[in-house]
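An overview of the molecular structure
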Amino acid sequence: MKKIIIILTIIVCVSVAYQSGKPQLVDDTYQLGGVVVEETNGVIVIETTDGNIWETYTVDGVSVGDSVMLMLDGHNTTDVTDDTIMNIKAIG
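A few points on the structure. (Residues numbered from 1 in each chain as written. Predicted model: local features only at pLDDT ≥ 70, side-chain atom pairs only at ≥ 80, totals over all residues. Heavy atoms only, no water.)

What to know about the sheet that holds strand β1 (residues 29-40)
The antiparallel open sheet is built from five strands, whose spatial order is β3-β2-β1-β4-β5. Looking along the sheet, the strands with just one partner apiece sit at the ends: β3 (53-57) and β5 (84-90). Here the average twist between neighbouring strands, direction ignored, is 40 degrees. When strand β2 (residues 43-48) meets β3, the two strands line up antiparallel, connected through five bridges. For V43, the partnering residue across the bridge sits in β3 and is Y57. (Pairing = 2+ DSSP bridges. Helix = DSSP H or I, 4+ residues; strand = E, 2+ residues; numbered from the N terminus. Axes fitted to C-alpha atoms, helices over the stretch in contact; angles between N-to-C directions.)

As structure tokens, then:
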């Protein structure tokens, strides 16, 4: 029984040491300003300051011509085409 406890303790220690050395994913969210350029059938189109075009469902209180701030998830890649909109806020 004592050998089993020692072996289990060693396994747990090795697992903890391995996990602590692994790189952890960093939060890859970012904000980007834009303008609502179109609204059709419950979908709005936003052109962001970097020239990209984003489509999403209509957001209450946001209409064509409004300046907005998008919170985006970059999914830890450099390819903007896989990013997703997490939140949209109208700005002054």
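Regarding the side chain of T48
Within the element layout of this structure, T48 appears in strand β2. Owing to a relative accessible area of 3%, T48 belongs among the buried residues under this scheme. Within the structure, T48 has its side chain in polar contact with the side chain of W54 (distance 3.4 Å). For T48, the contacting residues outside a window of four places in its chain are L32, G33, G34, W54 and L70. (Buried < 20%, exposed > 50% of the residue type's maximum accessible area, 1.4 Å probe, protein only. Polar contact = N/O pair within 3.5 Å; in protein donor to acceptor, adjacent residues only side chain to side chain. Contact = heavy atoms within 4.5 Å.)

Regarding unusual backbone geometry
Of note, H75 is a non-glycine position whose phi angle comes to about 55 degrees, a positive value. Along the polypeptide, H75 turns up in the loop between β4 (67-73) and β5. Among the residues examined, H75 registers a relative accessible area of 35% and is labelled partly exposed. Positioned with a positive phi, N76 is a non-glycine residue whose angle comes to about 55 degrees. As for its position among the elements, N76 is in the loop between β4 and β5.

Description of the nonpolar core
Ranked by size, the top nonpolar core spans 10 residues in total: L32, V36, I44, I46, W54, V62, V68, L70, L72 and I88. In terms of residue count, β4 provides more of this core than any other element does, three residues in total. Excluding its chain neighbours within four sequence positions, the residues that come into contact with I88 are I44, I46, T56, V59, V68, M69 and L70. (Core = buried A, V, L, I, M, F, W, Y, C linked by side-chain atoms within 4.5 Å.)

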